[in-house]
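Summary of structural features
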Amino acid sequence: MSTQAFADESSGDGSSLAALKRFVPAGRGFWRDVPDSDWNDWHWQLKNRITTLDQLQRLMPTLTPEEYAGTQLANHKLALAITPYFFNLIDPADEHCPIRWQVIPRLEETHTASWEMTDPCGEDSHSPVPGLVHRYPDRVLFLVTDRCAAYCRYCTRSRLVSNASGYDFHPRFEDQIDYIRRHPEVRDVLLSGGDPLLFSDERLDLLLGRLRAIPHVEFLRIGTRIPVFLPQRITPELCAMLRKHHPLFISIHSNHPRELTTEVRAALERLADAGIPLGNQSVLLRHVNDDAEVMKAQVQKLLMCRVRPYYIYQCDLIAGSAHLRTSVRKGLEIMQALRGHTTGYAVPTYVIDAPGGGGKVPVSPEYVLSRNADRVVIRNYEGKIFEYPEAVDGTPLFAAPTEIEEPELV
Ligand code: SF4
């Protein structure tokens, strides 16, 4: 990516939304001499990831003392790994680069507050067999691997991904599949990890086929950050294999419009052309996307990539993530700036995963100001107030109510 593109994004004038929404290639950066056949090969990208302090320092002499110290300690908590492709999105001249904060370890990761947890969503306590989380009535989370193409410093599953902290994750596919077979209420299986798209086409095909063969499994999903970290992995062969397993949905994970490059757009197009409905999950992160204009650019750009913004997550109370968390107040402000101000399809649901395993709870700015048996008082996106009349039993009215009760404040 050119330094001009970084400069345009931060110009702060009225054109910054347009600048954020521009699709630009990540470029070749330090790897300009690598042949195209290597650069476009996902195995080459994985083999050449930045995983050590030495490599990082050589490529980015502008490391701050916090980043230097954090990287020295990273392999005891959550490993460092960044694909060359994704590394090129980092602006080395900008300490506040939103990409940098997501993947470069920092010293603050070693500070743990008393309310932070290693398993903030209570997955382990809802795990009937290793690698399977049964938290909601009709669906399960099927963890396939502890490996990712790159590691996000705020990962809610950092206890197990990369195996840096000795969790020793060993999914047992036979037991996981057998559990689903024995539970006819499970109609939806979400494959996640780690990243399922790191599996070879053959291995993933086999796993999806076995799940698809269970009669009560209606619907399969894959949660992945590969299209963003490693768009080279989204090959025509992968897409051809995936399309055999419909209905199959994919949720990608992208947090900032700069991640949506021309390479990512092309990869998402290949998935969409294979008939796979695409959604995006963003995590609300301080220094990254806690800004209404950045989020507006993000959701609008996602639609241009044929991806429906699905969730914005309040960052979980994962140990060592305080420096990346932002307030719920800020999240509500962002939702307020989206709803009504842009296409409804572009507006995701803002959720807090209730700490300790309560599941996802939607949170929204207040649009219902009061309600009682006779009427609902609502506010629109411009702040204008309206009343909607209804009868005691909730059916629409044919005549004005004889008595108006005082509204109950919501
Ligand atoms: S890609 Fe997903 S599972 Fe992997 S480190 Fe990032 S958030 Fe965690």
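I will try to describe carefully the structure that is included in this document. (Residues numbered from 1 in each chain as written. Predicted model: local features only at pLDDT ≥ 70, side-chain atom pairs only at ≥ 80, totals over all residues. Heavy atoms only, no water.)

Time to look at unusual backbone geometry. The omega torsion across Gly193 and Gly194 is 15°, close enough to zero to call that bond cis. Looking at the element boundaries, Gly194 is found in the loop between β3 (188-192) and α10 (201-212). Here the residue pair His246 and Pro247 is connected by a cis peptide bond, since its omega of 0° sits within 30 degrees of zero. Phi angles above zero are rare outside glycine, and Ser162 is one such case at about 75°. Overall, the relative accessible area of 10% leaves Ser162 in the buried class. (Helix = DSSP H or I, 4+ residues; strand = E, 2+ residues; numbered from the N terminus. Buried < 20%, exposed > 50% of the residue type's maximum accessible area, 1.4 Å probe, protein only.)

What the rule picks out here adds up to two cavities of 30 Å³ or more. In this model, the second largest cavity occupies a volume close to 40 Å³. What lines the second largest cavity is Asn280, Ser282, Met295, Gln298, Val299, Leu302, Pro309, Tyr310, Tyr311, Ile312 and Pro348. When grouped by side-chain class, the residues that make up the lining of the second largest cavity number eight nonpolar, three polar and no charged. (1 Å grid on protein atoms, 1.4 Å probe; cavity = no way out; pocket = protein on both sides within 12 Å on 5 of 7 lines; lining within 4 Å. Points joined across faces, edges and corners; volume = space filled by probe spheres on them. Nonpolar A, V, L, I, M, F, W, Y, C, P; charged D, E, K, R; others polar.)

Turning next to the site of the ligand. Around the ligand lies a shell formed by Cys148, Tyr151, Cys152, Cys155, Gly194, Arg225 and His253. Among the residues forming the shell around the ligand, the class breakdown is four nonpolar, two polar and one charged. (Near = heavy atom within 4 Å.)

Another point: the environment of Leu143. Structurally, Leu143 is set in strand β2 (residues 139-143). Measuring from C-alpha to C-alpha, the distance between Leu143 and Ile234 comes to 20 Å, with 91 residues separating the pair along the chain. If sequence neighbours within four positions are ignored, Leu143 has contacts with Gly131, Arg157, Leu160, Phe169, Pro171, Phe173, Gln176, Ser192 and Gly193. (Contact = heavy atoms within 4.5 Å.)

Moving on, we get to α10. With twelve residues, α10 should cover 16 Å at 1.5 Å per step; its first-to-last C-alpha distance of 16 Å lies within 8% of that length. Where α10 is concerned, the buried positions are Asp201, Leu204, Leu207, Leu208 and Leu211. Viewed end-on, α10 has its buried residues packed into an arc of 135°, placing them on one side of the element. Of the residues in α10, the exposed ones pointing more than 90 degrees away from the buried face are Glu202 and Leu206. Close packing links the buried residues of α10 with β2, α9 (173-181), β3, β4 (219-224) and α12 (236-242). (Expected span 1.5 Å × (residues − 1). Arc of directions from axis to C-beta.)

Okay, the layout of surface pockets next. In this structure, the largest pocket occupies an estimated 1,100 Å³ of space. Lining the largest pocket we find 48 residues, and of these Thr156, Arg157, Ser192, Gln281 and Tyr313 sit closest to its centre. Elements with a contribution of two residues or more to the lining of the largest pocket: β1 (132-136), β2, β3, β4, β5 (248-253), β6 (278-284), β7 (308-314) and β9 (359-362). Broken down by element, the lining of the largest pocket gets its largest block of residues, four residues, from β7. Considered class by class, the residues forming the lining of the largest pocket number 22 nonpolar, 16 polar and ten charged.

Moving on, we come to the nonpolar core. In this structure, Phe142, Ile180, Val189, Leu191, Leu211 and Leu242 are the most contacted members of the largest nonpolar core, which totals 84 residues. Looking at this core element by element, the count peaks at five residues for helix α13 (residues 262-273). Those residues in contact with Leu242 that sit more than four places away from it in its chain are Leu204, Leu208, Ile222, Leu248, Ile250, Leu271 and Ile276. (Core = buried A, V, L, I, M, F, W, Y, C linked by side-chain atoms within 4.5 Å.)

Moving on to the state of the cysteines. The tally for this structure, following the rule as stated, stands at zero disulfides. Cys121 forms no disulfide, and the closest cysteine sulfur to it belongs to Cys155, at a distance of 10.0 Å. Taking the relative accessible area as the measure of exposure, Cys121 reaches 11% and is therefore buried. (Disulfide = S-S within 2.5 Å.)

Assignment of secondary structure puts Arg375 in strand β11 (residues 375-379). With relative accessibility at 15%, the residue Arg375 sits in the buried group. Reaching out from Arg375, the side chain makes a polar contact with the side chain of Glu387 at a distance of 2.7 Å. (Polar contact = N/O pair within 3.5 Å; in protein donor to acceptor, adjacent residues only side chain to side chain.)

Moving on, we get to the environment of Pro35. Note on placement: Pro35 falls in the loop between α2 (16-21) and α3 (36-39). For the pair formed by Pro35 and Ile334, sequence separation is 299 residues and the distance between their alpha carbons is 43 Å.

Let us now look at the pairing of β6. Across the seven residues of β6, seven count as buried, placing the element largely inside the fold. Of the two faces of β6, the one carrying Leu278, Asn280, Ser282 and Leu284 and the one carrying Gly279, Gln281 and Val283 are both buried. In this sheet, β6 lies alongside β5 in parallel orientation, the contact comprising four bridges. The residue of β6 that forms the bridge with Ser251 is Gly279. Regarding the hand of the β-α-β motif, the stretch spanning β5, α13 and β6 is right-handed. Across six bridges, β6 lies against β7 in parallel orientation. Along β7, the bridge assignment pairs Ser282 with Ile312. Read as a crossover between parallel neighbours, the route from β6 over helix α14 (residues 292-304) to β7 is right-handed. (Pairing = 2+ DSSP bridges. Right-handed = clockwise from strand over helix to strand, strands pointing away.)

With that settled, the discussion passes to helix α6 (residues 65-74). Every buried residue of α6 is listed here: Glu67, Ala69, Gly70, Thr71 and Ala74. Along its buried surface, α6 packs onto α5 (53-59) and α8 (100-103).

So, on to the pattern of salt bridges. Applying the stated criterion across every chain, the model contains 25 salt bridges. Note that Arg106 and Glu108 form a salt bridge whose closest N and O atoms lie 3.2 Å from each other. One network of salt bridges, with partners in common, ties together Asp119, Glu123, Asp124, Arg157 and Arg159. (Salt bridge = Lys/Arg side-chain N within 4 Å of Asp/Glu carboxyl O.)

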